[in-house]
Amino acid sequence: MGKKLATRQAYGETLVEIGEDKRIIVLDADLSKSTNTDKFKKVFPERHFNMGIAESNMMSVAAGLATTGKIVFASSFAMFASARALEQIRNSIAYPRLNVKVCASHAGITVGEDGASHQCIEDIAFMRAIPGMIILNPCDDDTTRKAIKAVYEYNGPCYVRLGRLTVDPVYDESVDFEIGKSILIKDGKDVTVIATGIMVQEAVKAEKILQKEGISVRLIDMHTIKPIDKEAIIKASNDTGKIVTCEEHNIIGGLGSAVSEVVCENAPCMVKKVGIKDKFGKSGTPAELMKKYEITADDIVKSVKEICGR
Amino acid sequence: MIDHNQEKELKIIASRMRKHIIESVYSAKSGHPGGSLSCTEIIASIYFNLINVDPENPKWEDRDRFVLSKGHCAPALYAALAIKGFFPEEDIKTLRKIDSYLEGHPNMNSVPGVDMSTGSLGQGISAAVGMALGAKVDGKQYRVYALLGDGELQEGQVWEAAMSAAHYRLDNLIAFVDYNGLQIDGKITDVMSPVPIDEKFRAFGWDVKTIDGHDFKQIIATVENRIKETEKADIKKPFAIICETVKGKGISFMEGKAEWHGTAPKEEQKNMAIKEIEDRIKELEGC
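Not measured: the values here are computed from a predicted model.

K.L.:
How should the overall build of chain B be read in this particular structure?
P.N.:
The secondary structure content of chain B amounts to 10 helices and 7 strands. At 18 Å, chain B has a C-alpha radius of gyration in line with the 19 Å of a compact globule built from 287 residues. In terms of principal-axis extent, the alpha carbons of chain B reach across some 55 × 45 × 40 Å. Buried positions account for 58% of the 287 residues belonging to chain B. Once local pairs closer than 6 in sequence are excluded, the contacts in chain B between residues at least 24 apart make up 75%. In the form shown here, chain B has an accessible surface area of approximately 11,500 Å², with 47% of it arising from carbon and sulfur atoms. Between the centroid of the 36 positive side chains of chain B and the centroid of its 44 negative side chains there is a distance of 1 Å.

Here you go:
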């Protein structure tokens, strides 16, 4: 069982854990205290390089390092990693299939007070459109540690979405983690809720409320956005006939879109998306923002009731 | 230093490369002859004198690296790699064709001898910085050579890369700039001037030398002297060689013309160009 911790902290600690492997190089763009790569720097300073506020160069340097046999972890905020350096990730890293792990922290609106310029709600969409990109969005301490170890063992380009906010552990006991294989948190028969990242915690809260109201929810942690777990989605559609997706991301291009694509082509059913409704964020506390942009447990409850005709 | 005979051999190789460039771009009906012809001597110097690579073992860990940051000049790189023996010379004519492994821009996963996939300007030099940094981390002695276009210097990422190379004291990195003065839309100084190029690199912490980019003696001596200097003194700086060149060099009707940046020759033009090159080879072999 994990601790109450931000996923970015779990990332930093895991880097130290796997850091004895001399092939690992960590790059950061002047945010190492925030992304938590400073933890690796303290233990392995000779393999941590600060690339300054120059994310584009950082991604292509990461690619060059990877050609020499290195396993490169490159970190910045999701905004600057996935958007500023999008074309470098596409052309320098993904196209040549180089072994670089872009681990982007401060994703979504729960960045909070920094406001819309720093609240990346598009990164999953950007990364999903790149051929062959692996995209992970773990929800808590334990699954983040496993996600980082999984991308370390996987040979090829990966994007890991990490959050700023301290979050509760979701799992009481250790769960199996495999890239592309979702985790069934709880089975149910009326509706399936598929959540990713820190929305898993909200979905868990929503499920408890819905259970009291007599709605049986199948709850899935979709930690891998790409390749998406088609089998679990098709089964959810066939078994429950209704799906609600939950993501701290624009409802265009993210988890909801990925699930809808699978559903449309394989097992049509109604899909409702809980997420940011194609709007920019603003300054505020994470809790205030989640309420304002309608991505709380209550919003999930509301969507589930709507789709169930209740 | 190279002697007269070595220089003659290199000149013949350069002419053979030019023939491949013209024939491949003609066969593809598209591509970039102008810049490929301006950097021919630079790439020939690298592959046939300076670089330590093994065509039998293209991924050899301790090899020197070359990154064609101006990836659109793939025809020149492919010509050098084929003549060097990385793949058959007859394959060059398949450039840009649907079943060919010779992409319009270099692909490290399909073309033997290509160290980095490039094409999007500004990114190759950063990858070269990563390779040079990798050598330092591992305590390896290999060098990394990169070739930039002068128009490419308009990409901001080039200067991010330049800053990081100097910051990490990458004396194992040597970047050539193919200073032919022209880009697609015209003169670089009219489109968006990057001059003075030498002073910019110096300001970013590099050592710089400007030479004639078609003179084998100068190109090779400049690199050899630099390597000697860095072995003797504690310099620890990356090195930029600004190569003054002529776009379309070696084909009289293409020289100095921006319109040959990305245009394939028609059959008659191709035949004229090939004749010019073949006459030069005969002349060189005769002397």
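And the narrative resumes.
K.L.:
Please clarify how helix α3 (residues 40-50) of chain B should be interpreted in this entry.
P.N.:
For an α-helix, the turn length of 3.6 residues means that residues three or four places apart are oriented alike. Counted residue by residue, α3 of chain B has 9 buried out of 11 residues, so it is predominantly covered. Three or more residues of α3 of chain B are buried, namely Thr-40, Glu-41, Ile-42, Ile-43, Ala-44, Ser-45, Ile-46, Tyr-47 and Leu-50 of chain B.

K.L.:
Please explain the sheet that holds strand β2 (residues 144-149) of chain B as it appears in this structure.
P.N.:
Strand pairing within a sheet occurs via backbone hydrogen bonds; the two strands may be parallel or antiparallel. Residue and element names in this part refer to chain B. Pairing is parallel across the open sheet formed by 5 strands, whose spatial order is β1-β2-β3-β7-β6. The sheet is open, and its two borders are formed by β1 (65-68) and β6 (207-212), each paired with just one other strand. Neighbour-to-neighbour, the strand axes of the sheet open up by a mean angle of 20°, direction not taken into account. Examined bridge by bridge, β2 and strand β3 (residues 173-179) share 6 bridges and lie parallel to one another. Considered in β3, the bridge of Gly-149 is made with Asp-178. On the sheet, helix α5 (residues 123-138) packs against β1, β2 and β3 and is oriented at approximately 170° with respect to β2.

K.L.:
I'm lost on the packing of helix α4 (residues 55-67) of chain A against α5 of chain B in this one. Help?
P.N.:
In a packed pair of helices, the relevant descriptors are the angle between the two axes and the axis-to-axis distance. Packing of α4 of chain A against α5 of chain B brings their axes to within 6 Å, and their N-to-C directions diverge by 50°. With respect to α5 of chain B, the element α4 of chain A is oriented oblique. Judged by the sense of rotation from one axis to the other, the crossing of α4 of chain A with α5 of chain B is right-handed. For the pair α4 of chain A and α5 of chain B, contact is made by Asn-57, Ser-60, Val-61, Gly-64, Leu-65 and Thr-67 of chain A and by Gln-123, Ser-126, Ala-127, Val-129, Gly-130, Met-131, Leu-133 and Gly-134 of chain B, respectively. Classifying every residue of the contact of α4 of chain A with α5 of chain B gives 6 nonpolar, 8 polar and no charged.

K.L.:
Looking at this structure, how should I read helix α9 (residues 216-232) of chain B?
P.N.:
All names here are of chain B. In this model, α9 (17 residues) spans 24 Å end to end at C-alpha, consistent with the 24 Å of a helix rising 1.5 Å per residue. Turning to α9, its buried residues number three or more, namely Phe-216, Ile-219, Ile-220, Ala-221, Thr-222, Val-223, Arg-226, Ile-227 and Thr-230. Among the structural elements, α1 (4-28), α3, β2, β3, β6 and β7 (239-244) are those in contact with the buried residues of α9. Between a side-chain oxygen at the N-terminus of α9 and the backbone nitrogen of Lys-217 the separation is 2.9 Å; the capping residue is Asp-215.

K.L.:
Would you take a moment to explain the interface of chain A and chain B for this structure?
P.N.:
When the parts of a complex come together, some accessible area is lost, and that lost area is often used as the size of the interface. Between chain A and chain B, the contact holds 25 residues from the first and 25 residues from the second. In total, about 1,900 Å² of surface goes out of reach between chain A and chain B, with carbon and sulfur atoms giving 57% of it. In this structure, the connection of chain A to chain B is made through 1 salt bridge. Put simply, chain A and chain B have 13 residue pairs in polar contact (both at pLDDT 80 or more) between them. Counting residues per element, the ones that place at least two in the side of chain A that touches chain B are β3 (48-50), α4 and α6 (86-94) of chain A. Here the side of chain A that touches chain B gets 9 residues from one element, more than from any other, and that element is α4 of chain A. For the side of chain A that touches chain B, the residue count by class is 10 nonpolar, 10 polar and 5 charged.

K.L.:
Explain the sheet that holds strand β14 (residues 270-276) of chain A here, please?
P.N.:
All names here are of chain A. Read from one edge of the open sheet, 5 strands run β9-β11-β10-β13-β14, paired in mixed fashion. The strands lining the two open edges of the sheet, one partner per strand, are β9 (183-186) and β14. This sheet shows a mean twist of 25° between the axes of neighbouring strands, independent of strand direction. Judged from the 5 bridges that link them, strand β10 (residues 191-195) and strand β11 (residues 217-221) form a sheet pairing that is parallel. Considered in β11, the bridge of Ile-194 is made with Ile-220. Packing against the sheet, helix α13 (residues 297-307) makes contact with β10, β13 (242-250) and β14, and its axis sits at approximately 160° to β14.

K.L.:
What should I look at first to understand the packing of aromatic side chains in this one?
P.N.:
For any two aromatic rings, the description comes down to two numbers: the centre-to-centre distance and the angle of the planes. Within this structure, the stated rule accounts for 12 aromatic pairs over all chains. Ring geometry for Phe-40 of chain A against Phe-44 of chain A: centres 5.0 Å apart, planes inclined by 40°, an arrangement best described as tilted. A relative accessible area of 0% places Phe-40 of chain A in the buried class. On the basis of relative accessibility, which here comes to 6%, the residue Phe-44 of chain A falls in the buried class. Relative to Phe-66 of chain B, the ring of Tyr-47 of chain B has its centre 5.7 Å away and its plane inclined at 85°; by these criteria the two rings are edge-to-face. Note that Tyr-47 of chain B is positioned in helix α3 and Phe-66 of chain B in strand β1, a separation of 19 residues in sequence. Judged on exposure class, the residue Tyr-47 of chain B and its partner Phe-66 of chain B are both buried. An aromatic cluster is built from Trp-159, Phe-201, Phe-204 and Trp-206 of chain B, whose rings are joined through pairwise contacts. Over the ring of Tyr-293 of chain A we find Lys-292 of chain A; its NZ or CZ atom is 5.9 Å from the centre of that ring. Residue placement shows Lys-270 of chain B over the ring face of Tyr-26 of chain B; its charged tip is 4.7 Å from the ring centre.

K.L.:
Even after reading the chapter, I still don't get the confidence of the model for chain B, so can you show me in this structure?
P.N.:
Interpretation of this model should avoid reading the predicted coordinates in detail wherever pLDDT is low. The predicted model of chain B has a mean per-residue pLDDT of 97, with 100% of residues at 70 or higher. Among the prediction metrics, the complex's ipTM stands at 0.97, with pTM recorded as 0.97.

K.L.:
Would you explain the pattern of salt bridges in this entry?
P.N.:
Using the criterion set out here, one finds 39 salt bridges over all chains in the structure. Of the charged contacts, one joins Lys-235 of chain A and Asp-239 of chain A as a salt bridge, the two residues approaching to 2.9 Å between their closest N and O atoms. A residue pair is termed a helical-turn pair when its members lie 3 or 4 positions apart in one helix, as Lys-235 of chain A and Asp-239 of chain A do in helix α10 (residues 230-240) at 4 residues. Exposure remark for Asp-239 of chain A: the relative accessible area of 40% places this residue in the partly exposed category. Close ionic contact of Lys-19 of chain B with Glu-278 of chain B constitutes a salt bridge, the shortest N to O distance being 2.9 Å. Of this pair, Lys-19 of chain B sits in helix α1 while Glu-278 of chain B sits in helix α10 (residues 267-286), and the two are 259 residues apart along the sequence. A relative accessible area of 25% places Lys-19 of chain B in the partly exposed class. In this structure Glu-278 of chain B comes out as partly exposed when scored by relative accessible area, which is 34%.

So, how was this worked out
- Residues numbered from 1 in each chain as written.
- Chains lettered and ligands numbered in written order.
- Predicted model: local features only at pLDDT ≥ 70, side-chain atom pairs only at ≥ 80, totals over all residues.
- Heavy atoms only, no water.
- Helix = DSSP H or I, 4+ residues; strand = E, 2+ residues; numbered from the N terminus.
- Rg over C-alpha atoms; globule rule 2.2 N^0.38 Å.
- Buried < 20%, exposed > 50% of the residue type's maximum accessible area, 1.4 Å probe, protein only.
- Contact = heavy atoms within 4.5 Å.
- Areas by Shrake-Rupley, 256 points an atom, 1.4 Å probe, with all protein chains shown as cover.
- Lys, Arg positive; Asp, Glu negative; His and termini not counted.
- Charge placed at Lys NZ, Arg CZ, Asp CG, Glu CD.
- Pairing = 2+ DSSP bridges.
- Axes fitted to C-alpha atoms, helices over the stretch in contact; angles between N-to-C directions.
- Parallel < 35°, antiparallel > 145°, perpendicular 65-115°, else oblique.
- Left-handed = near helix turned anticlockwise from the far one by under 90°.
- Nonpolar A, V, L, I, M, F, W, Y, C, P; charged D, E, K, R; others polar.
- Expected span 1.5 Å × (residues − 1).
- Polar contact = N/O pair within 3.5 Å; in protein donor to acceptor, adjacent residues only side chain to side chain.
- Buried area = accessible area lost by both parts, 1.4 Å probe.
- Salt bridge = Lys/Arg side-chain N within 4 Å of Asp/Glu carboxyl O.
- Phe/Tyr/Trp six-rings, centres within 6.5 Å; stacked < 30°, edge-to-face > 60°.
- Lys NZ or Arg CZ within 6 Å of the ring centre and 35° of its normal.
- pLDDT = per-residue confidence, 0-100.

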